[in-house]
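Observations on chain architecture
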Amino acid sequence: MTTPRDPGNDLSGKPPVVDLATWQAARDELLVREKAHTHEGDAIAAARRRLPMVEFDGSVEVVGPDGPVPFLDLFQGRDELVVYKHMWYDDTPHQGQCEGCTTTAWHVKDAVYLNARGVSYAVLTTGRWDEVASFVGFMGYTQPWYSVRDVDGPAGGEMGHLTAFLREGDRVFLTYSTTGRGNEPVNGSLSLLDMTPYGRGEAWEDHPGGRRTAGGTHEGHPAAGPAVDHEACWYWRSDADGVATWGPTSRPVPQWTRPGATPVETLGRHGHHH
């Protein structure tokens, strides 16, 4: 795959060039703000740990590779559990699944450090298990997946959320849930892009005048007009050449590294950007 856009020598709006001492002074000034941001994040996390919790029936069944099991099993004997709720489109080929959810799930290859802290991790989705199992095999995911089809929240319910649970013996509690940009902590690529001079390349970002943004390029996107330029993470879906697109031969970017990921397959009725 190529990069979504080869910048060549077109570094429009690039940062000004200064000597090291001048750069260090500017860097030190920004560090004050960064530390304040970190401290505020710590305070928010402290408040998050003080949220109340909701008890629900931990015996509710979800479906995994061994068939129906109680939700309690997802804890794997540990006291805490984090799940990502992956959106699902029925009767859709692998390349038609959600590019954002695919990317989020892709960033958790294993949970050994969570496990060491007494926290288990799983991915839940509303797909039928046979379709889910095929997709998990195609993607090569190693974390546990379960179908919560027709299961009410908080075990099931609305997808696209990161959710935390606590158990005490056989009692299970919902402690926290977030969605949208709240899911970003899973995706380390976004944090790294935020450190680069051109950032995520999104049109919604505050860039210096003339600074290049990649977000205005939307080959094959079904929408049109200003909303297109504000589409978040447009580069998460591409064609075989790495060009960002929601056209008939596109798929979530991580899927191009999977076996049998050829560009000739069609997306089907759900194979557009969601």
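A brief look at the structure comes next.

Calculation criteria
Residues numbered from 1 in each chain as written. Predicted model: local features only at pLDDT ≥ 70, side-chain atom pairs only at ≥ 80, totals over all residues. Heavy atoms only, no water. Helix = DSSP H or I, 4+ residues; strand = E, 2+ residues; numbered from the N terminus. Buried < 20%, exposed > 50% of the residue type's maximum accessible area, 1.4 Å probe, protein only. Polar contact = N/O pair within 3.5 Å; in protein donor to acceptor, adjacent residues only side chain to side chain. 1 Å grid on protein atoms, 1.4 Å probe; cavity = no way out; pocket = protein on both sides within 12 Å on 5 of 7 lines; lining within 4 Å. Points joined across faces, edges and corners; volume = space filled by probe spheres on them. Nonpolar A, V, L, I, M, F, W, Y, C, P; charged D, E, K, R; others polar. Phe/Tyr/Trp six-rings, centres within 6.5 Å; stacked < 30°, edge-to-face > 60°. Lys NZ or Arg CZ within 6 Å of the ring centre and 35° of its normal. Salt bridge = Lys/Arg side-chain N within 4 Å of Asp/Glu carboxyl O.

**As for the environment of Gln76**
Note that Gln76 resides in the loop between strand E3 (67-70) and strand E4 (80-86). For Gln76, a relative accessible area of 46% corresponds to the partly exposed category. For the pair formed by Gln76 and Val119, sequence separation is 43 residues and the distance between their alpha carbons is 9.1 Å. A polar atom in the side chain of Gln76 sits 3.3 Å from the side chain of Ser120.

**Side note on the layout of surface pockets**
Over the atoms rolls a probe the size of a water molecule, and its path tells where empty space is left. Its boundaries defined by the atoms lining it, the largest pocket holds a volume of some 1,100 Å³. Lining the largest pocket are 24 residues, and of these Leu30, Glu34, Asp194, Met195 and Thr196 sit closest to its centre. Class assignment for the residues of the lining of the largest pocket results in nine nonpolar, six polar and nine charged. For the second largest pocket, the calculated volume is near 880 Å³. Around the second largest pocket, the lining is made up of 26 residues, and of these Arg48, Glu80, Val82, Ala164 and Tyr176 lie nearest the centre. Looking at the lining of the second largest pocket, the elements with two or more residues in it are helix H1 (20-49), E4, strand E5 (119-125), strand E7 (161-168) and strand E8 (171-179). A per-element tally of the lining of the second largest pocket places E7 first, with five residues. When grouped by side-chain class, the residues that make up the lining of the second largest pocket number 17 nonpolar, four polar and five charged.

**Quick word on the packing of aromatic side chains**
The full count for this structure, using the stated rule, is nine aromatic pairs. Measuring from centroid to centroid gives 5.0 Å for Phe71 and Phe165, while their planes differ by 70 degrees, and the two rings are edge-to-face. Taken together, the residues span a long stretch of sequence, with Phe71 in the loop between E3 and E4 and Phe165 in strand E7 at a distance of 94 residues. Three or more aromatic residues joined by ring pairs form one cluster here, namely Trp88, Trp106, Phe135, Tyr141 and Trp145. Positioned above the aromatic ring of Trp106 is the side chain of Lys109, whose terminal nitrogen or guanidinium carbon lies 3.1 Å from the ring centre. Stacked on the ring of Trp256, the Lys or Arg Arg251 has its end atom at 4.4 Å from the ring centre.

**Topic: the pattern of salt bridges**
Counted under the stated rule, the structure contains 10 salt bridges. Here Glu99 and Arg237 are joined by a salt bridge, their closest N and O atoms 3.1 Å apart. Separated by 138 residues along the polypeptide, Glu99 in helix H2 (residues 99-106) and Arg237 in strand E9 (residues 237-238) bring together distant segments of the chain. Given the relative accessible area of 4%, Glu99 is considered buried. Taken together, the shared-partner salt bridges connect Asp90, Asp91, Arg128, Glu131 and Arg149 into one network.

Coordinates in, geometry out; function isn't part of it.
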